[in-house]
Amino acid sequence: MLPVIEKLLVLQDRDRRIAQLKAERTRIPEQTAATEQSLKAGSARLDSLRDQAKHIEADRKKLEIDVEAKRAQIAKYRTQLSLIKSNTEYQALLKEIAKAEQEIDVIETHELEVMEKSDQLQPAVKQEQAALKEITVKAEAERAELQKRSAMIEQELVKLQTERGTLVQDADPDALYRYERLMHSKSDFAIVPIRNGNCGGCHLNIPPQLVHNAKNGTTLTSCDYCGRILYWQPE
Ligand SMILES: [Zn+2]
């Protein structure tokens, strides 16, 4: 293999690793956002359930106060009852008492319904609390993992860029120029092996003369179709 090819292959390997790491780096903010989003959603679900529970409790308290007020009213009526002389007034007051007692019945039935709702809500709150705890633990681990990965990527990129600098300095300027242009336009490989007589880049068949050049020539051979630099790889 031509030394110039060997050097370009090393450079291409570093460039591909650099590109992969950069692509991974751009995905990190998305991953971080997804983690934060699931945490926020879990927290919102719990808040909503707690809010419902608070409203139910407030409803229940209000009903309790209503019952107490009615009971106080009944007690007051009963005191008045002993002081009344007229039978008509006495009967009217008894009617009022009966009405208040009936109202208490209605309110207490409603209160039972509200308490039942509250009982149903409690397991859901507990479940959501447990789920949120789990999400939080997972999110913390993910955050730490992404931070660690991010730092590793930066470190690796610095290392690879340094290596790249040395390789570029050491490369043949004309070959480097061709390589850089190809890498820019193809964005995957600039230099590819001939496999089963085909170009390793565009997979089209390479004429025997070009295969011969790539195998034995002293200058760089390019694929006629895609322009990538070819090298011979024994099969
Ligand atoms: Zn090709």
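You'll find the structure just up there.
Residues numbered from 1 in each chain as written. Predicted model: local features only at pLDDT ≥ 70, side-chain atom pairs only at ≥ 80, totals over all residues. Heavy atoms only, no water.

Engineer: Report on the side chain of Q12, specifying residues and quantitative values.
Structural biologist: Mapped onto the fold, Q12 is located in helix α1 (residues 3–83). Judged by relative accessible area, which is 4%, Q12 ranks as buried. Every residue in contact with Q12, bar those within four places of it in the chain, is listed here: Y179, M183, F189, A190 and I191. (Helix = DSSP H or I, 4+ residues; strand = E, 2+ residues; numbered from the N terminus. Buried < 20%, exposed > 50% of the residue type's maximum accessible area, 1.4 Å probe, protein only. Contact = heavy atoms within 4.5 Å.)

Engineer: Mind laying out the pattern of salt bridges, listing which residues take part and the relevant values?
Structural biologist: Oppositely charged side chains may form a pair once their charged atoms are brought near each other. What the rule picks out here adds up to 19 salt bridges. As a salt-bridge pair, E154 and R25 come within 3.1 Å of each other at their nearest N and O atoms. Residue E154 is found in helix α2 (residues 87–170), and its partner R25 is found in helix α1; the two are separated by 129 residues along the sequence. Across the salt bridge formed by E103 and K70, the nearest N and O atoms sit 3.0 Å from each other. Linking E103 in helix α2 with K70 in helix α1, this pair joins segments that are 33 residues apart in sequence. (Salt bridge = Lys/Arg side-chain N within 4 Å of Asp/Glu carboxyl O.)

Engineer: I'd like a rundown of unusual backbone geometry, residues and numbers included.
Structural biologist: Of note, the phi angle at S187 is positive, near 55°, even though the residue is not glycine. Mapped onto the elements, S187 comes out in the loop between α3 (173–186) and β1 (191–195). What makes S187 exposed here is its relative accessible area of 64%. Phi at H203 is positive, roughly 65°, even though this residue is not glycine. With respect to the helices, strands and loops of the structure, H203 is situated in the loop between β2 (198–199) and α4 (208–216).

Engineer: So what about the sheet that holds strand β3 (residues 221–222)? Which residues, and what values?
Structural biologist: Taken together, four strands build an open sheet; the order of strands is β2-β1-β4-β3 and the sheet is mixed. Each of the sheet's edge strands pairs with one partner strand only, and the pair in question is β2 and β3. Bridge analysis of β3 against strand β4 (residues 229–232) gives two bridges, and the strand direction is antiparallel. The residue of β4 that forms the bridge with S222 is I229. (Pairing = 2+ DSSP bridges.)

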